[in-house]
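Examination of the molecular architecture
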Amino acid sequence: MSNIKLMIRFRLEPGCLGPTGADYVEDFCSLINKVDFSYSFVALNVIPRYDKSLPEWEFLLNDKLISEKQADRVLELHNFTVESIEEAVDEFITLKVEQFMTSVKKNS
């Protein structure tokens, strides 16, 4: 195993939090970034996606942007691919969105 840690920057559409998602997206991103993602070789940074010209996914190594192909090589060290880690991130975020929206509804 490698000690290399891949950073994934994921830009979350406010609409993923429902019709009033723009009201909550900043809080959600702040909260989710405090939760450890399931894989120790990946750091996840979720930010709001206000500018649709920016990519939804970015991969960084030592704070430098790398290509998807380069990210795939890093992930291969842990028997993952970009596709498989994106699926894991999607599942993680979906679960956290559901939990967050449940708590928002309770507190309304």
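Right, let's walk through the structure included here.

**Re helix α1 (residues 25-32)**
Listed as buried for α1 are V25, F28, C29 and I32. Along the axis of α1, the buried positions cluster into a sector of 95°, meaning they face one direction only. Buried residues in α1 make contact with β1 (6-12), β2 (42-48) and α3 (82-106).

**Some details on the pairing of β1**
The buried count for β1 comes to 5 of 7 residues, which makes it a mostly enclosed element. Where β1 meets strand β3 (residues 57-61), 4 bridges bridge the pair, whose relative direction is antiparallel. Looking at β3, one finds that I8 is bridged to F59.

**A closer look at the sheet that holds strand β4 (residues 64-66)**
Two pairing modes exist for strands in a sheet, parallel and antiparallel, and in both the strands are linked by backbone hydrogen bonds. Taken in spatial order, the 4 strands of this open sheet run β2-β1-β3-β4, and their pairing is mixed. Here the strands that pair on one side only, and so sit at the sheet edges, are β2 and β4. For this sheet the average axis-to-axis angle between neighbouring strands, irrespective of direction, equals 35°. Across the sheet, α1 lies against β1 and β2, angled at about 170° from β2, the strand it touches most.

**Quick look at the pairing of β3**
Regular strands have side chains that alternate between both faces of the sheet. Burial runs high along β3: 4 of the 5 residues are buried. If you look at the hairpin formed by β3 and β4, you'll find 2 residues sitting between the two strands, and N62 has a positive phi there, around 55°.

Conventions adopted
- Per chain, residue numbering runs from 1 following the sequence as it is written.
- For this predicted model, a pLDDT threshold of at least 70 governs which residues receive local features, and a threshold of 80 or more governs which side-chain atom pairs are given and counted, while totals over whole chains, interfaces and linings are taken from all residues.
- Side-chain numbers here rest on the full set of heavy atoms in the structure, without hydrogens or water.
- Note on classification: 1.4 Å probe, protein chains only; a residue is buried when its accessible area is under 20% of the maximum for its type, exposed when over 50%, partly exposed between these limits.
- Helix and strand definitions here come from DSSP, where helices need a minimum of 4 consecutive H or I residues and strands a minimum of 2 consecutive E residues; each element is numbered from the N-terminal end.
- Note that the arc is defined by the directions from the helix axis to the C-beta atoms.
- By the convention used here, residues are in contact when the closest approach between their heavy atoms is within 4.5 Å.
- At least two bridges found by DSSP between two strands are what make those strands a pair.
- Structural elements are reduced to axes, namely lines fitted to C-alpha atoms, with helices fitted over the stretch in contact, and the angle between N-to-C directions of any two is expressed from 0 to 180 degrees.

Honestly, that's just the spatial picture; any functional story needs more than this.
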